[in-house]
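# Structural overview
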Amino acid sequence: MTTAAGYNFGYLDENSKRMIRRALLKAVAVPGYQVPFGSREMPLPYGWGTGGIQVTASIIGPDDVLKVIDQGADDTTNAVSIRRFFAKVAGVATTERTAEASIIQTRHRVPEAPLREGQILVYQVPMPEPMFRLEPRLAETRKLHALADYSIMHIKFYEDIARTGHIATSYNYPVMVDDRYLMSPSPIPSFDNPKLHRMPALQLFGAGREKRIYAVPPYTKVRSLDFEDHPFQPIRADGTCALCGSRESYLDEIVTDDRGGRMFICSDTDYCGTRAAGQEAAE
Amino acid sequence: MAYVAVKGGERAIDAAHGWLAEARRGDPECPDLSLTQIEQQLGLAVDRVMAEGSCHDRSLAALAIKQARGDLIEAAYLLRAYRTTLSRFGASRPIDTDAMRLRRRISATYKDLPGGQILGPTFDYTHRLLDFALLAGTPPPPAPQATPKREAAPRVTGILAAEGLMRPETASEAAPADLTREPLAFPADRSMRLQALARGDEGFLLALGYSTQRGYGNAHPFVGELRVGEVSIELQPPELDFPIDIGDITVTECQMVNQFAGSKTEPAQFTRGYGLSFGHSERKAMAMALVDRALRARELGEEITAPAQQEEFVLLHSDNVESTGFVEHLKLPHYVDFQNELEKLREIRADALRNAAE
Amino acid sequence: MNPGFADPTLDAQTSFRAVLDAMAQPGRILRLHASPAQPPAGLAPAAAALLLALTDADTPVWLDAGPAAAAWGRFHAGCRIVDDPRQASFVFASGPPPSQAALAQGSAEEPHLSATLVLEVAQLAAGSGWVLRGPGIDATARLLVLGAPADFLAQRAANLAAFPCGVDTILTCGPLLAALPRTTRVEAA
């Protein structure tokens, strides 16, 4: 096990890790509640995943296998940068395979392959407060959570429907956790929201700049906010992946020319690569 | 499949870092900049980086400035990220600015006062003409020397307080919270607020302070006193019953005197806004003092009408390491969410166009 | 003074991950593999590992394990030992514990400021005993606990009624531990 000279295993000092670990335990004990924590400056900037990085740094051990994705892909520059950081400061094994990872740190996606018990999914969260666009004052939203008063969110959705016939939120679509706390699932596409419901893996959420940690334990009820006559509908481009042929996965739209040419490919590179390799082997 | 050739992130990062290192160094024919040169000749930049980086170390701040190519916010961030890995050994005793070895001390409220006015090394009365003599690098003529007066220089706010005109501040023996170890909570107490302002972005605080002068917050400020100089840092180890002097640092302190209309229970009097900053940084200390006073609105029962009086707004947006991170993160890929927005917009537009056609 | 963790960094990480697993999957029994080899008198290995892994100068600790354990905690964890369990963020009970209602509950706005009770019991076994339901549990889990106070389930029920406030409990038994976060509904079999 090799780690960077001059820095502790996992970069953070033991006091900071303990503080974050205590916050994580309380977060798991009160699913969906945002626990304030003494977020530290990290060598990667605020807004670039410092919350997720601090959570991962506090839980990771030498036996872990880490996968880092950004936009579903392992090879986007920020995912590469974060994976390298942990390889350097914790000396852990890294992987691009969802199934092989014990910890998956993600920005903006939930992997397509179902996660299993024992895995931990760490989300990078920019704005942990689901109501921040409606009520930016933290002292106020804290009261609303205490009272479980989420009427401003319902009214906002109702107004969307009255105006356009649709709930206008497409990503960072708020969810109710265990019928108690309104929670931001982080800016994942609403397509991914159903995956949070009763997921066998532990889900941890870290917001570094906003200094909040929250969690969803395994098998916990997670419901996307909606109305009986306007049920939640996840959105996906109506297309087929040009690489693996998937009609189920979440797709990225690629502009191929300046004459309106478009193609679609899976956003989850491991899912896509595994499928494409399977098809090649079958041929 | 040229359009999806996104592999290669690792190589791209390595190449970009190589290019950055070259760009930072500039023309190799030109002599490398030494940290001593930065410390000595760009001292105010060093002071700003120490203040916003929350770490008093001139040579590390100089290193950060060099590494950041002169980008002072980037340099403050480098210093903060280093600082956060250090262990906290303890807290010093409060510094005593009454006992400051003064380099500069001015009051705008009294023509003369005990300890006198000391103009010191200031830009204030220079004519802002580019000095082409600096091009030649000729050393400046020696400044006139004088023997320092050993006269006590009590703080102006104390002089006003002796007359009962200054609203007293209640001293507290409670251990102040530590912003570097726990998150801000609202309402924030004054120690937490002052910590946040002390490391806040100079430009942001300057704009907010300025806004209070222009009617957004109803301030009538006077510079009671601005002082710059050296103070001792003392540590009291638990095993000893006397403090140990561990060194001197330069600080700038501003006490801004403001009118207070009084209330049903309190007579009209002056109140203070307080600013303190590492190094020589008058603009920062003054802006901080204006904003501190504006943020006392709730405590003093004043109506909160202006941005500078809104505690959450001010304190949550004053940290430039946080704000630059979040603004600049918009450069990261967002195509998953953008795709979702595209589909949503197409869906809503299709509905609207269909309805219009019917 | 008995030694603490053999490897303070990695043993703390291993112990924490076990508690995190336990808290995320209430009723699941985990064996701690990195406990201090010779915990002080009055503290069983798992409880001793939790003390080192989770407490420090920022966490007031109450314990009933006696002066040797208190001195050991102060020395290795740097934690502050308090006399009043109401002030503690961690309560380590080897004997009859203080009532859960008498511990820090947190508030509706800050439910995370509640105490964590670490309770040593005589036996922990899976597959029979109490029936557990709630977040972290796929339908139901079973946990056999011997040696908890007679009114433990009544205290749990009162605790649950105060949600989101409430105490989180970690049951320890020698090298084993299982968690009952405040969300877990517990019924006698």
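Quantities reported herein were computed from a predicted structural model and do not represent experimental measurements.

Turning to the nonpolar core, a few remarks are in order. With 87 residues, the main nonpolar core has Ile59 and Leu204 of chain A together with Leu20 and Phe92 of chain C as its most contacted residues. Dropping the residues within four chain positions of it, Leu20 of chain C is found in contact with Leu25, Val28, Ile59, Ile120, Leu202 and Leu204 of chain A. Listed in part, the 26 residues of the second largest apolar core include Leu132, Leu143, Val145 and Leu180 of chain C.

The computed volume of the second largest pocket comes to approximately 1800 Å³. Taken together, 42 residues form the lining of the second largest pocket, with Pro43 and Pro45 of chain A together with His17, Glu74 and Leu78 of chain B sitting closest to its centre. Listing elements by their share of the lining of the second largest pocket, those giving two or more residues are helix 3 (77-90) of chain A together with helix 1 (9-25), helix 4 (58-67), helix 5 (72-83) and helix 12 (320-328) of chain B.

Another aspect to go through is the domain arrangement of chain B. A common way to state how big an interface is: give the accessible area lost once the parts meet. Residues and elements named next belong to chain B. Taken domain by domain, chain B holds domain 1 (12-83) and domain 2 (97-121 + 151-169 + 180-323). In this structure, domain 1 and domain 2 have C-alpha centres spaced 29 Å apart. Of the residues lining the interface, 14 residues belong to domain 1; the matching set on domain 2 comes to 17 residues. Here domain 1 packs against domain 2, burying approximately 1300 Å² in sum over the two surfaces, 54% of which is carbon and sulfur. Ranking the residues of domain 1 by area buried against domain 2 places Glu52, His56 and Arg80 at the top, with a combined share of 40%. Asp319 serves as the salt-bridge partner of Arg80, at 3.1 Å between the closest nitrogen and oxygen.

The next point concerns the confidence of the model for chain B. Chain-level statistics for chain B give a pLDDT mean of 91 and a share of 98% at 70 or above. In the model, residues 1-6 of chain B has pLDDT below 50 throughout and makes 8 contacts with residues more than four positions away in sequence or in other chains.

Close approach of charged atoms allows side chains of opposite charge to pair. A complete count under the given rule lists 69 salt bridges over all chains for this structure. Residues Arg107 of chain A and Asp70 of chain A are paired through a salt bridge, measuring 2.8 Å at the closest nitrogen-oxygen approach. On the criterion of sequence distance, the pair formed by Arg107 of chain A in strand 4 (residues 103-107) and Asp70 of chain A in strand 2 (residues 65-70) is long-range, its members being 37 residues apart. Overall, the relative accessible area of 3% leaves Arg107 of chain A in the buried class. On the basis of relative accessibility, which here comes to 2%, the residue Asp70 of chain A falls in the buried class. Put simply, Arg155 of chain B and Asp98 of chain B hold a salt bridge, and the shortest N to O gap is 3.5 Å. With Arg155 of chain B in the loop between helix 6 (133-136) and helix 7 (156-162) and Asp98 of chain B in the loop between helix 5 and strand 1 (101-106), the pair connects residues that are 57 residues apart, well separated along the chain.

Definitions and limits used
- Residues numbered from 1 in each chain as written.
- Chains lettered and ligands numbered in written order.
- Predicted model: local features only at pLDDT ≥ 70, side-chain atom pairs only at ≥ 80, totals over all residues.
- Heavy atoms only, no water.
- Core = buried A, V, L, I, M, F, W, Y, C linked by side-chain atoms within 4.5 Å.
- Buried < 20%, exposed > 50% of the residue type's maximum accessible area, 1.4 Å probe, protein only.
- Contact = heavy atoms within 4.5 Å.
- 1 Å grid on protein atoms, 1.4 Å probe; cavity = no way out; pocket = protein on both sides within 12 Å on 5 of 7 lines; lining within 4 Å.
- Points joined across faces, edges and corners; volume = space filled by probe spheres on them.
- Helix = DSSP H or I, 4+ residues; strand = E, 2+ residues; numbered from the N terminus.
- Domains from an automatic or database assignment.
- Buried area = accessible area lost by both parts, 1.4 Å probe.
- Salt bridge = Lys/Arg side-chain N within 4 Å of Asp/Glu carboxyl O.
- pLDDT = per-residue confidence, 0-100.

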